[in-house]
Amino acid sequence: MSDTLPGPRTVAHAASPSFRASRPLADHLQQLHVDLIDLHLQGKQAHWNVVGKNFRDLHLQLDEVVAAARDFSDDLAERMRAIYVTPDGRAATVADRSSLGEFPADEVDTAETVDLITTALYAVAATARRIHDAVDAEDPTTADLLHSILERIEQLAWMTDAENRIANRSIPRPINE
């Protein structure tokens, strides 16, 4: 039995994947990936610094947002690797490429936190919707993942936004109006 580890491979890698992502598909998925990571980070920032009425409920609800964003960014990154895309989740990349607005560094009132997190959730949903058709055209399997992300992110946005709504008087208008 040898005490040495095997040396570098001398045989060419022989895998032949049935699908590899194009550069545009990779770029689309990378954008959604950084937005999800930023949502996770903003959710934790809000969780730590929210104050005011309904603090505890919102504090716990923010954990749901964080968990969803973290799980979806991981699912998406693993899908990216499966189709030979290298995800980049480094802090500098997220800071440079996120389409989400910046979250405040200090304490934030519960009502403002609701508005900021709702805006961030809808920004992630907007990215997923913007890239959806191009992703679906190239890789319907990955588009299925986008469907799951959209369903949950939009549900969380609705549930979070409901904290600040006034019944029958503050119904959001469609973007096209």
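Predicted model, so just to flag it, every value in this text is computed and none were measured.

Visitor: Describe the overall build of the protein, listing the residues and the values that go with them.
Guide: Counting its secondary structure elements, the protein contains 5 helices and 2 strands. Listed N to C, the secondary structure of the protein is α-β-α-α-β-α-α in terms of helices and strands. Whereas a compact globule of 177 residues would reach a radius of gyration of roughly 16 Å, the protein reaches 20 Å, over 25% beyond that. In terms of overall dimensions, the protein has C-alpha extents of about 70 × 45 × 25 Å along its principal axes. In the protein, the share of contacts with a sequence separation of at least 24, taken over all contacts with a separation of at least 6, comes to 83%. As displayed, the protein has an accessible area near 10900 Å², and 52% of this comes from carbon and sulfur atoms. Of the charged side chains in the protein, 17 are positive and 29 negative, and the gap between their average positions amounts to 2 Å.

Visitor: So what's going on with the packing of helix H2 (residues 55–82) against helix H5 (residues 140–161)? Which residues, and what values?
Guide: In helix packing, the relevant descriptors are the interaxial angle and the interaxial distance, both defined with respect to the helix axes. Packing of H2 against H5 leaves a shortest axis separation of 11 Å and a crossing angle of 170°. The angle between H2 and H5 places the two elements in the roughly antiparallel class. Residues Gln61, Glu64, Val65, Ala68, Phe72, Asp75, Leu76 and Arg79 of H2 lie in contact with H5, whose contacting residues are Thr141, Thr142, Leu145, Ser148, Ile149, Arg152, Ile153, Leu156, Met159 and Thr160. Among the residues forming the contact of H2 with H5, the class breakdown is 9 nonpolar, 5 polar and 4 charged.

Visitor: Help me get a handle on the nonpolar core, residues and values and all.
Guide: Membership of the largest hydrophobic core comes to 40 residues, with the highest contact counts inside it found for Leu29, Leu32, Leu36, Leu39, Leu121 and Ile153. For this core, the secondary structure elements donating two or more residues are helix H1 (23–49), H2, helix H4 (110–138) and H5. Looking at this core, the element that brings in the most residues is H4, giving 10 residues. Setting aside residues no more than four positions away along its own chain, leucine 32 makes contact with Leu76, Val124, Thr127, Ala128, Ile131, Leu146 and Ile149.

Visitor: For the environment of arginine 152, give the residues involved together with the corresponding values.
Guide: Mapped onto the elements, arginine 152 comes out in helix H5. With 83 residues separating them along the chain, arginine 152 and alanine 69 place their C-alpha atoms 9.6 Å apart.

Visitor: Summarise the side chain of aspartate 139; cite the residues concerned and give the values.
Guide: With respect to the helices and strands, the residue aspartate 139 is situated in the loop between H4 and H5. Judged by its relative accessible area of 5%, aspartate 139 falls in the buried class. Here arginine 79 takes part through its side chain, which lies 2.9 Å from a polar atom of the side chain of aspartate 139.

Visitor: Outline unusual backbone geometry, supporting the account with residue identities and numerical values.
Guide: Even without being a glycine, asparagine 54 presents a positive backbone phi close to 60°. Tracing the backbone through its elements, the reader meets asparagine 54 in the loop between strand S1 (50–51) and H2. Located in the positive-phi region is tyrosine 84, a residue other than glycine, with phi close to 65°. Here tyrosine 84 falls in the partly exposed class, since its relative accessible area comes to 41%.

Visitor: Any chance you could break down H2 for me, citing the residues and the numbers?
Guide: Between its terminal C-alpha atoms H2 stretches 41 Å, which fits the 40 Å expected from 28 residues at 1.5 Å a residue. After H2 finishes, the residue tyrosine 84 shows a positive phi value of roughly 65°.

Visitor: Run through the environment of threonine 119, naming residues and quoting values.
Guide: Considering the arrangement of structural elements, one finds threonine 119 in helix H4. Overall, threonine 119 belongs to the exposed group, its relative accessible area being 54%. For the pair threonine 119 and leucine 58, spaced 61 residues apart in sequence, the C-alpha separation works out to 15 Å. A distance of 2.8 Å separates a polar side-chain atom of threonine 119 from the backbone oxygen of aspartate 115.

Visitor: So what about the packing of H1 against H4? Which residues, and what values?
Guide: In contact at an axis separation of 10 Å, H1 and H4 are set at 165° when each is read in the N-to-C sense. On the basis of the axis angle, H1 is roughly antiparallel to H4. Every pair of crossing elements has a handedness; the one defined by H1 and H4 is left-handed. When grouped by side-chain class, the residues that make up the contact of H1 with H4 number 15 nonpolar, 6 polar and 3 charged.

Scoring rules and cut-offs
- Residues numbered from 1 in each chain as written.
- Predicted model: local features only at pLDDT ≥ 70, side-chain atom pairs only at ≥ 80, totals over all residues.
- Heavy atoms only, no water.
- Helix = DSSP H or I, 4+ residues; strand = E, 2+ residues; numbered from the N terminus.
- Rg over C-alpha atoms; globule rule 2.2 N^0.38 Å.
- Contact = heavy atoms within 4.5 Å.
- Areas by Shrake-Rupley, 256 points an atom, 1.4 Å probe, with all protein chains shown as cover.
- Lys, Arg positive; Asp, Glu negative; His and termini not counted.
- Charge placed at Lys NZ, Arg CZ, Asp CG, Glu CD.
- Axes fitted to C-alpha atoms, helices over the stretch in contact; angles between N-to-C directions.
- Parallel < 35°, antiparallel > 145°, perpendicular 65-115°, else oblique.
- Nonpolar A, V, L, I, M, F, W, Y, C, P; charged D, E, K, R; others polar.
- Core = buried A, V, L, I, M, F, W, Y, C linked by side-chain atoms within 4.5 Å.
- Buried < 20%, exposed > 50% of the residue type's maximum accessible area, 1.4 Å probe, protein only.
- Polar contact = N/O pair within 3.5 Å; in protein donor to acceptor, adjacent residues only side chain to side chain.
- Expected span 1.5 Å × (residues − 1).
- Left-handed = near helix turned anticlockwise from the far one by under 90°.

Just distances and angles here, no functional claims.
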